[in-house]
Amino acid sequence: MKIYLVDNANDGHHKVYQDTLNKINNTQILNKIIKFTDLKENFIKAYKERSTFFKYVNSKTNKGDIIHLLYIDSLYKCPLIDKKLNRDKKYIGTLHWVPKDAFRQNLLKRFSKKIELIIVHSEFLEEELNKIGIKNVKTIEYPSFININNKNIKKDKELKDKIVISCLGGTRKDKGLDILSEAFKFIDSKCKEKIVFNICGIEQDIKYDDIMMSAKENNINVICKNKFLTEEEYEEEIYKTDVILLPYRKIFTGNSGPMTDGIYADKFILGPNNGNLGYLIKKYNLGSTFIQENYNDLAREIEKISQVEVKKTHKYKYELSIDKFNEKYTDIYNYLEKGKN
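Since this is a predicted model, take the numbers as computed values, not measurements. (Residues numbered from 1 in each chain as written. Predicted model: local features only at pLDDT ≥ 70, side-chain atom pairs only at ≥ 80, totals over all residues. Heavy atoms only, no water.)

Draft legend 1. Layout of the pairing of strand 7 (residues 163-168). Of all six residues making up strand 7, six are buried, and the element is well covered by its neighbours. Across six bridges, strand 7 lies against strand 8 (residues 195-200) in parallel orientation. Note that in strand 8 the partner of C167 across the bridge is I199. As paired elements, strand 7 and strand 10 (residues 243-245) share two bridges and run parallel to each other. Following the sheet pairing, S166 is matched in strand 10 by I244. (Buried < 20%, exposed > 50% of the residue type's maximum accessible area, 1.4 Å probe, protein only. Helix = DSSP H or I, 4+ residues; strand = E, 2+ residues; numbered from the N terminus. Pairing = 2+ DSSP bridges.)

Okay, structure coming up:
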């Protein structure tokens, strides 16, 4: 009997997540690398790719094995794909985003009935699934993979007396950097002298030129780095930061890597008042919130934090350790193994 860690990608966070779980006894990596076609683009091709994926996985595993699908977000959305799950094996699946619309919720409910368990990374997401009738859910917090030994990284000299507010990662639309750009117009002049915005990551939907132009027009100090951050560079940005800012839109329903790592590094978190992120910030006293997608309220909250002590010591960070992550997954794997005997 084996525990197979299965994914269709092996880069970025997919790889780190899988490699971490592979340290658990009796686990084995089993990947079928396919870049899945979006169903809206070509349904037939999308279905065939996912069917091929399951055919490969089922051919490489045996009766009684546990198959852990590490990213079911790209699987359950395909109608009838649940028929490819063999009933003589036990499947669990990790879900990173909870769907909002009824159609995808129904597809997820159908898929959930064919697997033993769905893993999510927040109690809020577990509650959201429970509300739509999916009960076989377990929460395991997404861990921080940053090197805690880098905590002695210091700010650049010119930033020493400033509050550094960082937005890290790509400039996707759902991450709301255009909302932040609009908020620049409403930030008080006294606050502007105290803060610096540090925006780093690959340019995507929101253009750095637009952010820089808005900053210049409104006398905002901003640092923009249009580049893919290496692991070391990313950790350096985390530790040089005072406040991790998440101006995310409502369509963002998952966990935030920069938020998780900011918590682990004892940084103040400023995020939306709604959804999963707002739930975590309020429950665990991680920082403060603003009305989501409201640039005026975001500006007011930025002004407030420029007047207060932003140093934090988060108790919640102990739930985000790699050891805790593997411990909880080990308990699940052991439970499923015993259930077979």
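Draft legend 2. Summary view of the environment of D210. Turning to its location among the elements, D210 is positioned in helix 7 (residues 208-217). With 72 residues separating them along the chain, D210 and K282 place their C-alpha atoms 32 Å apart.

Draft legend 3. View of the sheet that holds strand 1 (residues 3-7). Spatial ordering of the open sheet is given by 2-1-3-4-5-6, a layout of six strands whose pairing is parallel. Edge positions in the sheet fall to strand 2 (27-31) and strand 6 (137-139), since each of these pairs with one other strand and no more. Each neighbouring strand pair of the sheet contributes to a mean axis angle of 25 degrees, computed without reference to strand direction. Direction of pairing for strand 3 (residues 66-69) relative to strand 4 (residues 90-94): parallel, over a ladder of four bridges. Bridge pairing in strand 4 places L69 opposite G93. Along the sheet face, helix 1 (residues 12-21) touches strand 1, strand 2, strand 3 and strand 4 and points at about 175 degrees away from the line of strand 1. (Axes fitted to C-alpha atoms, helices over the stretch in contact; angles between N-to-C directions. Contact = heavy atoms within 4.5 Å.)

Draft legend 4. Representation of the packing of aromatic side chains in the model. Scanning all chains against the criterion turns up 15 aromatic pairs. Geometrically, the ring pair formed by F36 and F53 is edge-to-face, given 5.6 Å between the ring centres and 85 degrees between the ring planes. Taken as a pair, F36 in the loop between strand 2 and helix 2 (43-59) and F53 in helix 2 lie far apart in primary sequence, 17 residues in all. Here Y284 and Y316 contribute two aromatic rings whose centre-to-centre distance is 3.9 Å and whose plane-to-plane angle is 15 degrees, an arrangement assigned as stacked. One end of the pair, Y284, is in the loop between helix 10 (275-283) and strand 12 (287-290); the other, Y316, is in the loop between helix 11 (295-305) and helix 12 (322-338), and 32 residues separate them in sequence. Put simply, the rings of Y17, Y142, F145, F325, Y329 and Y333 touch in pairs and so form one group of aromatic residues. For the cation-ring pair, K32 lies above Y56, with the distance from its terminal atom to the ring centre recorded as 5.1 Å. (Phe/Tyr/Trp six-rings, centres within 6.5 Å; stacked < 30°, edge-to-face > 60°. Lys NZ or Arg CZ within 6 Å of the ring centre and 35° of its normal.)

Draft legend 5. Representation of the environment of S214 in the model. Note that S214 resides in helix 7. Owing to a relative accessible area of 8%, S214 belongs among the buried residues under this scheme. Through-space distance from the C-alpha of S214 to that of A183 is 9.4 Å; in sequence the pair is 31 residues apart. When neighbours within four sequence positions are excluded, S214 is seen to be in contact with S181 and F184.

Draft legend 6. How the structure looks around the pattern of salt bridges. In the structure shown here, the tally under the stated rule is 18 salt bridges. With a closest N to O distance of 2.5 Å, K283 and E123 form a salt bridge. Of this pair, K283 sits in helix 10 while E123 is found in helix 4 (residues 123-131), placing the two residues 160 residues apart along the sequence. With a closest N to O distance of 4.0 Å, K240 and E236 form a salt bridge. (Salt bridge = Lys/Arg side-chain N within 4 Å of Asp/Glu carboxyl O.)

Draft legend 7. Broad picture of the sheet that holds strand 10. Spatially, 9-8-7-10-11-12 is the arrangement adopted by the six strands of the open sheet, whose pairing is parallel. Taken across any chain shown, the strands that pair with only one partner, and hence form the sheet edges, are strand 9 (222-225) and strand 12. Across the sheet, the axes of successive neighbouring strands diverge by a mean angle of 20 degrees, strand direction being ignored. Sheet contacts for helix 10: strand 11 (268-272) and strand 12; angle to strand 11, the most-contacted strand, approximately 140 degrees.

Draft legend 8. Structural view of the nonpolar core. Counting residues in each nonpolar core, the largest one holds 54 residues, and the members touching the most others are F53, L69, L95, F111, I118, L129 and M259. Per-element accounting of this core gives the leading share, four residues, to helix 10. With sequence-adjacent residues up to four places away left out, L129 is seen in contact with L95, V98, L108, I118, V120, I134 and V137. Core analysis: the next-biggest nonpolar cluster, separate from the first, contains 29 residues, I187, Y208, I220 and L298 among them. (Core = buried A, V, L, I, M, F, W, Y, C linked by side-chain atoms within 4.5 Å.)

Draft legend 9. Highlighting helix 8 (residues 231-240). Among all positions in helix 8, only Y234, E235, E237, I238, Y239 and K240 are buried. Packing partners of the buried residues in helix 8 comprise strand 7, strand 8, strand 9, strand 10 and helix 9 (257-264).

Draft legend 10. Looking closely at the packing of helix 1 against helix 12. Between helix 1 and helix 12, the shortest axis-to-axis distance is 10 Å and the interhelical angle comes to 65 degrees. When you trace helix 1 past helix 12, the crossing you get is right-handed. Together, Y17, T20 and L21 of helix 1 and I322, F325, N326, Y329 and Y333 of helix 12 make up the contact between the two elements. Across the contact of helix 1 with helix 12, the residue classes tally to six nonpolar, two polar and no charged. (Left-handed = near helix turned anticlockwise from the far one by under 90°. Nonpolar A, V, L, I, M, F, W, Y, C, P; charged D, E, K, R; others polar.)

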